[in-house]
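Now for the letters of each chain:
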Amino acid sequence: MVDGVYLFTTQTCPNCKLAVAMLEKAGIRYTKMLANENKELCEELKIKQAPTLVIINGDSIERVMNVSNIRKFAEELKK
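To keep things clear, this report deals only with the structure shown in the data block. Worth saying up front: this structure is predicted, and the values here are computed from it rather than measured.

Glancing now at helix H1 (residues 14–25). In a regular helix each residue adds 1.5 Å, so 12 residues correspond to 16 Å; H1 covers 17 Å between its end C-alpha atoms and thus fits that length. Along H1, the residues that are buried comprise Cys16, Ala19, Val20, Met22 and Leu23. Looking down the long axis of H1, one finds its buried residues gathered within 165° of arc, a one-sided arrangement. Exposed residues pointing more than 90 degrees away from the buried face of H1 are listed as Pro14, Lys17, Glu24 and Lys25.

Next up, the structure:
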């Protein structure tokens, strides 16, 4: 995958919708990925739940899991 911010969601997840709203309100550019359409990628990135935010920067991969941690991530970037 190329460097960037990816939000792994499911279509029916209410917390995923909250995560999308938080990222958009914070002005964070990201790519939304449906977990069920990207199963191999989820396995490769060790994604076990939605929502999960994945930040890829070179060889570094950071995972931010669940809506409360995504909120903290968004708030930190706004500072």
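Having seen it, we continue.
Nonpolar side chains tend toward joint burial in soluble globular proteins. By size, the foremost hydrophobic cluster in this structure holds 15 residues, and its most contacted members are Leu7, Leu23, Leu53 and Ile70. If you list the elements that add at least two residues to this core, you get strand S1 (4–9), H1, strand S3 (52–57) and helix H3 (67–78). The residues touching Leu7, leaving out its near neighbours within four places in the chain, are Ala19, Val20, Leu23, Tyr30, Thr31, Lys32, Met33, Pro51, Thr52, Leu53 and Ile70. Membership of the second largest hydrophobic core comes to 10 residues, among which are Ala35, Leu41, Leu45 and Val54.

Mapped onto the elements of the fold, Thr52 is located in strand S3. Reaching out from Thr52, the side chain makes a polar contact with the backbone oxygen of Gln49 at a distance of 2.5 Å. Dropping the residues within four chain positions of it, Thr52 is found in contact with Tyr6, Leu7, Phe8, Ile47, Arg63, Val64 and Met65.

We now examine the pairing of strand S2 (residues 31–34). Here four bridges tie S1 to S2, and the two strands are oriented parallel to one another. Opposite Leu7, over in S2, you have Lys32 as the bridge partner. In this view, the connection linking S1 to its parallel neighbour S2 by way of H1 has right-handed handedness.

Scoring rules and cut-offs
- Counting of residues starts from 1 at the beginning of each chain's written sequence and follows it residue by residue.
- At least 70 in pLDDT is required for a residue's local features to be given in this predicted model, at least 80 for side-chain atom pairs to be given and counted, and no such filter applies to totals for whole chains, interfaces and linings, which use all residues.
- Calculation of side-chain values draws on the structure's entire complement of heavy atoms; hydrogens and water are dropped beforehand.
- What counts as a helix is a DSSP run of H or I of at least four residues, what counts as a strand is a run of E of at least two, and both are numbered from the N terminus.
- An expected span of 1.5 Å times one less than the residue number is assigned to each helix.
- Buried means the residue's accessible area, taken with a 1.4 Å probe over protein chains only, is under 20% of the maximum for its type, while exposed means over 50%, and partly exposed covers the values in between.
- Arc definition: directions from the helix axis to the C-beta atoms.
- Residues grouped as a nonpolar core are buried Ala, Val, Leu, Ile, Met, Phe, Trp, Tyr and Cys residues, joined through side-chain atoms within 4.5 Å.
- The criterion used for residue contact is that any of the two residues' heavy atoms lie within 4.5 Å.
- Here a polar contact is recorded for every N or O atom pair within 3.5 Å, except that within protein the pair must consist of a potential hydrogen donor and a potential acceptor, and residues adjacent in sequence are included only if both atoms are side-chain atoms.
- In this analysis, strands are considered paired if DSSP registers two or more bridges between them.
- We call a crossover right-handed when, viewed with the strands running away from us, the connection from the first strand over the helix to the second turns clockwise.

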